[in-house]
Amino acid sequence: MTITFRGTTALITGASAGLGTEFADQFARRGADVVLVARRADRLEEIAAEVRSRHGVSAHVVPLDLTEPGAVATLADELEGRGIRVDHVVNNAGFGMKGAFAEADAERIDALVQLNVAVLTSLTRAFLPALVARGSGTVINIASTAAFQPLASMAIYGASKAYVLSFTEALAHEVRPQGVTVLAVCPGATATEFFDVVGDARAAVGAMQTPTQVVDAAFRALARRKPPYSIVSGVQNKTGAVIVGLVPRRARVALTAGLLER
Ligand SMILES: NC(=O)c1ccc[n+]([C@@H]2O[C@H](COP(=O)([O-])OP(=O)(O)OC[C@H]3O[C@@H](n4cnc5c(N)ncnc54)[C@H](OP(=O)(O)O)[C@@H]3O)[C@@H](O)[C@H]2O)c1
C-alpha cells in the first residue's frame, strides 16, 4: 500500500512545539497541506507562515485548548465550516507529570487523562469514518516508551501511553482491511518542551533523540509496503522496550522507578 501525501491535508494536534512542529514540516515537505492545532495562537501562526514559505502548501491554524469541553466537536465544525477535508490525523498533543500520585494536583491529573486519552480517542472517532469511507488516509497516535511498563512517579502518564499504544494497535488491525493506516509512534526521551512541562529533568531516561529522528522513523514506517502497527524510535529505545518485556511484570515497576529517581 502506498500512502499519498501530495494534495492531501494533515491535521496535527500539539503543532506549536516539539514533535508536532516537526510533523507539520515533514507533511508539508511531502506536499500535504496542514492544519495546526494547539493553544498558543502566536506560535501556530509563526509555524504556519514558515511552512507555507518553505514548502508552498496551505497551512491552517486553529488555536484551541483541546481539554475544554466539546473541543473536538468545535474543531470538527471549524474544519467543516472552512471546507477542509482531513486525510491524515496526528494525535500528538499531550503532556507528562511527575511526582507522587497522592500529592498531585487533581485538576492536572484530569487534564492529562483528558488530553492524552479522551481527546485522542474522540478525535480519532471524529475523523476516522471519512477515512474508512474513502478507503485511504492515516492516523498517527503518539504513544511513548512509557507505554511498555508501569511508571511509579509518572503513573498517570505511563498509563495514558499504555492506553494509546493498546488502542492504536487494535484500531490499526481493525481498519487495515479498509485501506486506512494507523500507527502508534513510541518515542523515548526527545528534545522538545516536554521536560520543561514535566518540570523534572530526571523524567528523561536514556539517550535524547531529536524530533527529526522521531518523525523520520514514523515516515519510514509509513513508507513500508506493510506498515507496522507501532514503532519504537531509536535503537537504544527499541532495545530497552525488548528488555523490559523480558523482565517479570512486578520487577518492571521497580526497575523503572529506579531509573526515574536516579
Ligand atoms: N519529548 C519526549 O521525550 C516524548 C517522549 C515520548 C512521547 N512524547 C509525546 O510526544 C507528544 C508531543 O510532545 P512533545 O515532546 O513534542 O512536547 P511539547 O514540546 O511540550 O509539545 C506538546 C504540544 O502539545 C500542545 N498542547 C499541550 N496541551 C494542550 C491542550 N490542552 N490543547 C491543545 N494543545 C495542547 C502544546 O501546545 P500549546 O502549549 O501551545 O497548547 C504543544 O504544541 C506528547 O504526546 C508526548 O507525550 C514525548
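Each value, and the rule that gives it
Residues numbered from 1 in each chain as written. Predicted model: local features only at pLDDT ≥ 70, side-chain atom pairs only at ≥ 80, totals over all residues. Heavy atoms only, no water. Helix = DSSP H or I, 4+ residues; strand = E, 2+ residues; numbered from the N terminus. Buried < 20%, exposed > 50% of the residue type's maximum accessible area, 1.4 Å probe, protein only. Contact = heavy atoms within 4.5 Å. Pairing = 2+ DSSP bridges. Axes fitted to C-alpha atoms, helices over the stretch in contact; angles between N-to-C directions. Core = buried A, V, L, I, M, F, W, Y, C linked by side-chain atoms within 4.5 Å. Near = heavy atom within 4 Å. Polar contact = N/O pair within 3.5 Å; in protein donor to acceptor, adjacent residues only side chain to side chain. Areas by Shrake-Rupley, 256 points an atom, 1.4 Å probe, with all protein chains shown as cover. Nonpolar A, V, L, I, M, F, W, Y, C, P; charged D, E, K, R; others polar. Phe/Tyr/Trp six-rings, centres within 6.5 Å; stacked < 30°, edge-to-face > 60°. Lys NZ or Arg CZ within 6 Å of the ring centre and 35° of its normal.

A. Just the side chain of Asp 25, in detail. Looking at the element boundaries, Asp 25 is found in helix H1 (residues 18–29). Residue Asp 25 is classed as buried on the basis of its relative accessible area of 12%. Leaving out residues up to four positions away in the same chain, Asp 25 has contacts with Val 51, Arg 54 and His 55.

B. Local environment of unusual backbone geometry. Of note, the phi angle at Ser 153 is positive, near 85°, even though the residue is not glycine. Classification of Ser 153 by relative accessible area gives buried; the value is 18%.

C. Region of interest: the sheet that holds strand E3 (residues 59–63). The seven strands lie next to each other as E3-E2-E1-E4-E5-E6-E7, forming an open sheet whose pairing is parallel. A single partner strand is all that each edge strand has here, and the edge strands are E3 and strand E7 (230–232). For this sheet, the mean inter-axis angle between neighbouring strands, taken without regard to orientation, is 15°. Note that strand E1 (residues 9–13) and strand E4 (residues 88–91) share three bridges and pair parallel. Counted as the bridge partner of Ile 12 is Val 90 from E4. The strands touched by helix H3 (residues 71–81) within the sheet are E1, strand E2 (33–38) and E3, with E3 carrying the most contacts at an inclination of about 145°. Contacting strand E5 (138–142), strand E6 (181–186) and E7, helix H5 (residues 155–175) runs over the sheet at an angle of about 155° to E6.

D. Region of the structure containing the nonpolar core. Grouped together as the largest cluster of nonpolar side chains are 42 residues, with contacts concentrated most on Leu 11, Val 37, Leu 66, Leu 75, Leu 79 and Leu 123. Listing elements by their share of this core, those giving two or more residues are E2, H3, helix H4 (106–134), H5 and helix H6 (194–198). Non-local contacts of Leu 11, meaning those with residues more than four positions away in its chain, are made with Val 35, Val 37, Leu 75, Leu 79, Val 86, His 88, Val 89, Val 90, Leu 123 and Phe 127. With 34 residues, the next largest nonpolar core counts Phe 23, Ala 48, Val 51 and Leu 222 among its residues.

E. Broad picture of the site of the ligand. Near the ligand there are 30 residues, and of these Ser 16, Arg 39, Arg 40, Tyr 157 and Thr 192 occur at the shortest range. Here an oxygen atom of the ligand and a backbone polar atom of Gly 14 are 3.0 Å apart. A distance of 2.7 Å separates an oxygen atom of the ligand from a polar side-chain atom of Tyr 157. Protein coverage of the free-state accessible area of the ligand, which is 890 Å², stands at 96%. Its residues assigned to classes, the shell around the ligand comprises 15 nonpolar, ten polar and five charged.

F. Summary view of the packing of aromatic side chains. Summed over the entire model, instances satisfying the criterion amount to eight aromatic pairs. With centroids separated by 5.4 Å and ring planes inclined at 70°, the aromatic side chains of Phe 5 and Phe 219 adopt a geometry described as edge-to-face. Placement of the pair is Phe 5 in the segment before E1 and Phe 219 in helix H7 (residues 211–223), with a sequence separation of 214 residues. Like Phe 5, the residue Phe 219 is buried in the burial classification. Pairwise contacts between aromatic rings join Phe 5, Phe 23, Phe 27 and Phe 219 into one cluster. A cation over a ring is seen here: Arg 30 above Phe 219, with NZ or CZ 3.8 Å from the ring centre.

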